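So the chains spell out like this:
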Amino acid sequence: MGRAKSSVGKSTAKVASGAKSSETKSTDTKSADRSASKSKSGAAKKSGKPADKSASSEATSRKSGAGKQSKAEGADIAESTKVEPPPPEMAEPDETMSPEEIEKARKRYLLKRFWITARGFWGDRGKRIAWIGSIGLLLLIICHVAVQYGINVWNRSIFDAIEERDSAVVLWLSAVFFPLALTSVALGVGQVYARMGIQRRWRAWLTDNVVSRWLDHGRYYQLNLVAGDHKNPEYRIAEDLRIATDAPVDFIAGVTSALLSAATFIVVLWTIGGALNVSLAGTTLTIPGFLVVAAVAYAALASTAMAVIGRRFVAISESRNQAEAEFRYVLTRLRENGESIALLGGEAEERDGIDKSLRNVLRQWARLCGQHMRTTIVSQGSSIIAPVLPVLLCAPKFLDGSMTLGQVMQAASAFTIVQSAFGWLVDNYPRLADWNACARRIASLMMSIDALERAETGDDIGRITRGETEDDSMLSLSELTVTLGDGTAVVDQAEVDVESGERLLVAGDSGSGKSTLVRAISGLWPWGSGRIDIHPDRRLFMLPQRPYVPAGTLRRATAYPGAAEDWTAEEIEEVLGKVGLAHLQDKIEEEETPWDQTLSGGEKQRLAFARLFLHNPDIVVLDEATSALDAKSQDKMMELLIKELPGATLVSVAHRAKLEDFHSRKIVLARRKGGAKLVRDIDLVPRKGRGRLLGRWLRRA
């Protein structure tokens, strides 16, 4: 499988010396339409709905429809998210570029790639609430700055009144202060509500966009087979995407507030401070707007110091996030494979892996701690000096009587606000660096998905064509070649036509490509050439060797991938009894039971057959679906399958020769240098009028 990671993922390793100019939009649109059409077709074929073959099935379908309708009522975000064709991929790097320049160009493109999708929240595909919330937040910020100015003026008035010992004015100003304070608090609360509302909705919208593309066409599975920077996608979607949508809203709100505050209070400083006359060697130097000059110079010095000290923040934050994701993945793997590890006694080896991953996390945190310590020197020092500096600067004017105490205090307050506005970078650089790292990680995942989307319609990598049969055949493979991502053939030039009701057994040595062929039939393995056609009005159901058991009740696990409410408790109990799980019938409604860890391998495979009988499909594909059962239990399960689904078309991959008794036809895959070939086609149950393809296969072999 290692070689499969070389070709499809190449586009994720390309570097932007500038994105390729526009690609043909009409082609992309048609591709998107075809993808949507395939998605709908695939959903219909693999639907978990029971067939309309009986009154019970019709009732079940109605229940399922009602369940879907109730779910649709909550699909507010998904309605507005329409996945567009992927953006142009990164251009190949210029040969004259150094490795450092290539890496910088790659990082610039990653941020650009993030914004290409993320800004859609405010576009045609986004939601109206995005603009309403953004405009509302802007108005709240403006009002808050106005109230800040009012408090600043109040500050001057109260100290002037205190200096003049005017008790009546002090009393009146004291009464005025409380409405100002309450208004400021209310506007601050309103800003929090509007800001976090935008963050929440933006995150929901973007998460829905990424998850939709990740799940579509089995890309979540295909990403495991290709190269690219997309490790731990679950962490990127859950954590990196959260930070990537939270921080920009805070940044934009902060910058807007800072700019408005700076513009407002620079005017205050200029008006109050006036010019400062400094005598040097008998020469008088006049500095107009000296408080403004001091505020700008001080903020520039602090910001420059922060930029120099924190220049490695982005790289360290990115490494920390990756280390955290890998540590979480190690722990998740341990939990998911607990039974196998416990039976093998692998705790010591797993502990070594956990310790190694934890040491990496702590090492990255130590590096991040060093960065925070250095930036704290600047930020903490700035917070101490900023309130005192304007008082010292205004002291000469106060002492010579050209400034009142109220003016000094108003200037000090305004100076602090201006310095805080100009020093926004000082306070937010660490978080800006963290956002930078998170946005790049989620963009890397987007790019890997982009590469898979392009591969679905591009000419660089062969893709298996999927379509519909035109006659009564259930499944047709035409000149089908299944390859790895790098083009190496696994199965070569297979031609098979499976008729309605036929039970086909696929046999061959281990490693001959049987399971890969099954994945290709299901649509999970897209690379290769030729065609796979499935009857348009028939539903296909897969039974893998290791059945998936979702979290929740046993009723949900049995109904999966349908909804638990699609069948009654009595129907679930009945089917469990048929497959030999009667001892679990009284537990179907138990909540939060870890059935994946509780059930044995054989019980999981029996549960998979129970699902099969509930869904009642037309085409059944079994991939070693009875391997965990003993021979006697296997025979009973296959007999039950034929009894419950007498008209179903069956395709089985298995090694046990005994399974031939339950099939009408057998084809054999054999390894060859250019990929496995079908070398034998045997009728296990003689039939008349069926043509043979064996001669053609043997000639090719």
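For the structure itself, consult the block above.
On a predicted model such as this, the values are computed, not experimentally measured, just so you know. (Residues numbered from 1 in each chain as written. Predicted model: local features only at pLDDT ≥ 70, side-chain atom pairs only at ≥ 80, totals over all residues. Heavy atoms only, no water.)

1. Points about the sheet that holds strand β5 (residues 489-498)
Quick note on the threshold: Here the rule is simple: two strands pair whenever DSSP picks up at least two bridges between them. In this description a helix means any DSSP run of H or I spanning at least four residues, a strand means any run of E spanning at least two, and both kinds are numbered starting from the N terminus. An axis is simply a line fitted to the C-alpha atoms; with a helix, the fit covers only the stretch in contact. Between two such axes, the angle follows the N-to-C directions and lies from 0 to 180 degrees.
Ordered by their spatial adjacency, four strands build an open sheet running β3-β7-β4-β5, and the pairing between neighbours is mixed. Of all strands in the sheet, those bounded by a partner on one side alone are β3 (465-468) and β5. Neighbour to neighbour, the strand axes of the sheet diverge by 15° on average, direction disregarded. Across six bridges, the pairing between strand β4 (residues 475-483) and strand β7 (residues 528-534) is antiparallel. Within the sheet, the bridge partner assigned to Leu477 lies in β7 and is Ile532.

2. Re a negative patch on the surface
Test applied: Each patch is built from salt-bridge-free residues with over 30% relative accessible area, joining like charges within 9 Å and nonpolar side chains (Val, Leu, Ile, Met, Phe, Trp, Tyr) within 5 Å. Accessible areas in this description were obtained via Shrake-Rupley with a 1.4 Å probe; residue shielding takes into account the shown protein chains only. Salt bridges, as used here, are contacts in which a Lys or Arg side-chain nitrogen is within 4 Å of a carboxyl oxygen on Asp or Glu. Asp and Glu are treated as the negative residues and Lys and Arg as the positive ones, with His and the ends of the chain left uncounted. Lysine's charge is taken at NZ, arginine's at CZ, aspartate's at CG and glutamate's at CD. Under the scheme applied here, a residue whose accessible area is under 20% of the maximum for its type counts as buried, over 50% as exposed, and between as partly exposed, the area being computed with a 1.4 Å probe on protein chains only.
A cluster of acidic residues, Glu570, Glu573, Asp586 and Glu590, forms a negative patch at the surface. Tracing the chain through its elements places Glu570 in helix α18 (residues 569-578). You can call Glu570 exposed: its relative accessible area is 56%.

3. Side note on a positive patch on the surface
Among the surface-exposed residues, Arg311, Arg312, Arg367 and Arg374 lie close enough to one another that they form a single positively charged patch. Its relative accessible area of 43% is what places Arg312 among the partly exposed residues.

4. As for a nonpolar patch on the surface
There is a patch of nonpolar side chains on the surface, built from Trp131, Ile135, Leu138, Leu139, Ile142 and Leu260 and spanning about 560 Å² of accessible area. Ranked by residues supplied to the nonpolar patch, first place goes to helix α6 (residues 128-163) with five residues. Secondary-structure assignment places Ile142 in helix α6.

5. A closer look at the packing of aromatic side chains
Operational definition: Stacked, tilted and edge-to-face are the three classes applied to pairs of Phe, Tyr and Trp rings, where Trp contributes its six-membered ring and a pair requires centres within 6.5 Å; stacked means planes under 30 degrees apart, edge-to-face means over 60, and tilted covers the rest.
Under the criterion given, the structure shown has 13 aromatic pairs. On the numbers, 4.7 Å between centres and 40° between planes, the contact of Trp154 with Phe177 is tilted. Taken as a pair, Trp154 in helix α6 and Phe177 in helix α7 (residues 167-215) lie far apart in primary sequence, 23 residues in all. For Trp154, a relative accessible area of 16% puts it in the buried group. Phe177 gets classed as partly exposed once you look at its relative accessible area, which sits at 29%. Taking 5.3 Å as the distance between ring centres and 65° as the angle between the ring planes, the aromatic pair formed by Tyr548 and Tyr560 counts as edge-to-face. Residue Tyr548 is located in the loop between β8 (540-543) and α17 (554-559), and its partner Tyr560 is located in the loop between α17 and α18; the two are separated by 12 residues in the primary sequence. Among the residues examined, Tyr560 registers a relative accessible area of 29% and is labelled partly exposed.

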